[in-house]
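For reference, the chains in residue letters:
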Amino acid sequence: MPDAIMYQEEMFVVLMPGAAEEFLSPEELLERLTGVLGDRQQDLPRDLQRFTTVTEQALHLRDTACELELNPGEAMQWYVVRLEK
């Protein structure tokens, strides 16, 4: 069960193999995950296979995980951060 703090995020820091860290809003991260998952429908992690749409898969992944393996030994990671104003 996800912790309630997962739904209080302001921003996410996203780490991709070979790329600089990036700060994304929850909506931007959802869009990024939707794109990544859209290209991998034949190779989904088992816990995402029960969802019928890519958007549902991306929402579940964003709200309950912090990593998606892209290739063996390479993973996309995201973490909730709060930026000071």
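Residues numbered from 1 in each chain as written. Predicted model: local features only at pLDDT ≥ 70, side-chain atom pairs only at ≥ 80, totals over all residues. Heavy atoms only, no water.

### Quick word on the sheet that holds strand β4 (residues 74-81)
Across the sheet, which stays open at both edges, the four strands sit in the order β2-β1-β4-β3 with antiparallel pairing between neighbours. With one partner strand each, in any of the chains shown, β2 (22-24) and β3 (67-71) form the two edges of the open sheet. For this sheet, the mean angle separating the axes of adjacent strands, direction not counted, is 25 degrees. (Pairing = 2+ DSSP bridges. Helix = DSSP H or I, 4+ residues; strand = E, 2+ residues; numbered from the N terminus. Axes fitted to C-alpha atoms, helices over the stretch in contact; angles between N-to-C directions.)

### Quick word on the nonpolar core
Within the largest apolar cluster, 15 residues are counted, with the highest numbers of intra-cluster contacts made by L29, L33, L37, L61, M76 and W78. For this core, the elements supplying multiple residues, two or more each, are β1 (11-15), α1 (26-38), α2 (54-64) and β4. Here the element with the most residues in this core is α1; it accounts for five residues. (Core = buried A, V, L, I, M, F, W, Y, C linked by side-chain atoms within 4.5 Å. Buried < 20%, exposed > 50% of the residue type's maximum accessible area, 1.4 Å probe, protein only.)

### What about the packing of α1 against α2?
Look at α1 against α2: their axes get within 9 Å of each other, and the N-to-C directions meet at 125 degrees. Considering the angle they form, α1 stands oblique to α2. The handedness of the crossing between α1 and α2 comes out as right-handed. Here P26, E27, L29, L30, L33, T34, L37 and G38 of α1 come into contact with α2, specifically with V54, T55, Q57, A58, L59, L61 and R62. (Parallel < 35°, antiparallel > 145°, perpendicular 65-115°, else oblique. Left-handed = near helix turned anticlockwise from the far one by under 90°. Contact = heavy atoms within 4.5 Å.)

### A closer look at α1
Its 13 residues place the ends of α1 18 Å apart at the C-alpha level, agreeing with the 18 Å of an ideal helix rising 1.5 Å per residue. Taken together, the buried positions of α1 are occupied by P26, L29, L30, L33, V36 and L37. Each buried residue of α1 lies within a common arc of 130 degrees when the element is viewed along its axis, so the set occupies one face. Residues of α1 that are exposed and point more than 90 degrees away from the buried face comprise E27 and E31. (Expected span 1.5 Å × (residues − 1). Arc of directions from axis to C-beta.)

### So, the pattern of salt bridges
Considering all chains together, one arrives at three salt bridges under this definition. Between E22 and R32 there is a salt bridge whose closest N-O contact spans 3.0 Å. Taken together, the residues E22 in strand β2 and R32 in helix α1 connect sequence positions 10 residues apart. R32 gets classed as partly exposed once you look at its relative accessible area, which sits at 27%. Ionic pairing is found between R62 and D63, a salt bridge with its closest N-O pair at 2.9 Å. Classification of D63 by relative accessible area gives buried; the value is 12%. (Salt bridge = Lys/Arg side-chain N within 4 Å of Asp/Glu carboxyl O.)

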